[in-house]
Every structure is written in structure tokens, then in C-alpha cells.
Amino acid sequence: MNWTKKLMEQIAELHLPESIRVRLIPTEQLVFNPLFRKFCEENTCHSYGANYSCPPYAGTAEELITQVKTYPYVIVYQIFHTYPDEQAPVYKNEKIITEARMEHQKAGDQIQKVLEEHHAVFHAIGSGKCILCPECALLQNQPCRKPDQLRKSMSAYCIDVNQLAQTCGLEFGDSIHTLTYFGLFCIGEN
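My aim in this report is to walk through the structure given alongside it, one point at a time. Each residue is numbered by its place in its chain's sequence as written, counting from 1. Residues qualify for local features only when their pLDDT is at least 70, as the model is predicted, and side-chain atom pairs are given and counted only at 80 or more; totals for whole chains, interfaces and linings, by contrast, use all residues. Remark: hydrogens and water are excluded; side-chain values derive from all non-hydrogen atoms of the structure.

What about the sheet that holds strand 3 (residues 121–126)?
- At least two DSSP bridges between two strands are needed for those strands to be called paired. Put simply, DSSP marks the helices as runs of H or I at least four residues long and the strands as runs of E at least two long, and each gets a number from the N terminus on. Here five strands make up an open sheet; going across it, the order is 1-2-5-3-4 and the pairing mixed. Edge positions in the sheet fall to strand 1 (20–26) and strand 4 (152–153), since each of these pairs with one other strand and no more.
- When strand 1 meets strand 2 (residues 73–82), the two strands line up antiparallel, connected through seven bridges. Residue Pro 26 lies in a different strand from strand 2, and its bridge partner there is Tyr 73.
- Residue contacts follow a heavy-atom distance rule, with two residues in contact if any of their heavy atoms lie within 4.5 Å. Axis geometry follows a simple rule: fit a line to the C-alpha atoms, using only the stretch in contact for helices, then measure angles between N-to-C directions, giving values from 0 to 180 degrees. Its contacts with the sheet place helix 1 (residues 3–12) against strand 1, strand 2 and strand 5 (178–188), and it is angled at close to 175° to strand 1.

Re helix 5 (residues 161–168)
- Looking at helix 5, one finds that the buried residues are Val 161, Leu 164, Ala 165 and Cys 168. Seen along its axis, helix 5 keeps its buried residues to an arc of 100°; they face one direction.
- With a side-chain oxygen positioned 3.2 Å from the backbone nitrogen of Asn 162, the residue opening helix 5 is Asp 160.
- A positive backbone phi angle near 70° is found at Gly 169, which sits one or two residues after helix 5. Here's how the labels work: a residue is buried when its accessible area is under 20% of the maximum for its type, exposed when over 50%, partly exposed in between, all with a 1.4 Å probe on protein chains only. Taken from the helix axis, the directions to the C-beta atoms give the arc we talk about. Counted as a polar contact is a pair of N or O atoms within 3.5 Å, where, for protein atoms, one must be capable of donating a hydrogen and the other of accepting one, and residues adjacent in sequence contribute only when both atoms are in side chains.

As C-alpha cells, this is what we get:
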């Protein structure tokens, strides 16, 4: 049995919520578009220059893309929630967003634990800005408080998430009635 199959079997045994979906794909199937970095620079999420997981502190697009390409496989994990009409539009509901992001973070933590137990070589990428601290230490000109747990934003890596969803056979969501967040673990054999 190869090492990726063992990892995926272990991950399948985790008691992840039904809203979490996990896939394994070769890294070469990721689609990168450096032009996506402009969305970070537009700062609509207010995290550009304000969070260690986001540009410009996350690294240049070229550095991050090169880093990902050094790994042969990617474990993709997604949270997908649909909400009733009375909660729509969900993209404006901070409580729902926070709960979904925390659930996604916890699923990523469980997957990361499996990778650590197998001594896998990995690099974690998260969805959006880091949410581990109530306020990023960057705002006080201090170093990251949790550098070993920091997952840089997928947007910083210029990964085409819509294409990623299609490649993995996952739904992307409409942001009116659904929330979807994606995270990755780039993995290599130890």
C-alpha cells in the first residue's frame, strides 16, 4: 500500500463533520493565476498588510507557487454548508462565517495531526486570513504568536479555487445560501 493511500485511509477514519469533504490530487492539477494577487491588493477583506497569513507578508506569488510545486500531492479539504432563506445572504452574516471558518480550521487541525503522526513532509495552506488570534500580532509590530500553526491564505498562492473545486468534484457554492471554504496540505513522502 502506498503512503498516500495510508494517509487518506487514516484521514477517512477521523470523525470529521459531514460538512467536511477531503480529496487527494496530484499537485500538477492545481491551476495558478498570478493575476489573482490583485484581489488581495484590493484589500476588500481588510487583511492585506494586516495579517501574517496574507500578502505582502505571506511572500510573493512567485515564491509561494514555487513552494507548492515542490510537493507531489495535495490534500484538499473543504467545508460546505447550505443555509435556509431566513439566514441569507450568508456572506454578510459574521456569526455564520466565524462558525464555518472555525469548523474548517478544526478539521484542518485534525488532518494535520494525522500528517504529523505519520511524519509526513507537508505545508499547510488555509482559507482566508489566519483566525488563530483575535488580532494578528503584526498589528502590534510583534512576531507571529503561533508560527507553527499559521496557514497562509490560499489567495496569496494564487490558486484558482473554482478550478480546484471542479478538479476535485466539489461544489463551489453561491455565497447567498452556501458557504464553502477550502484548505490544502501540500504533502511529500518522509
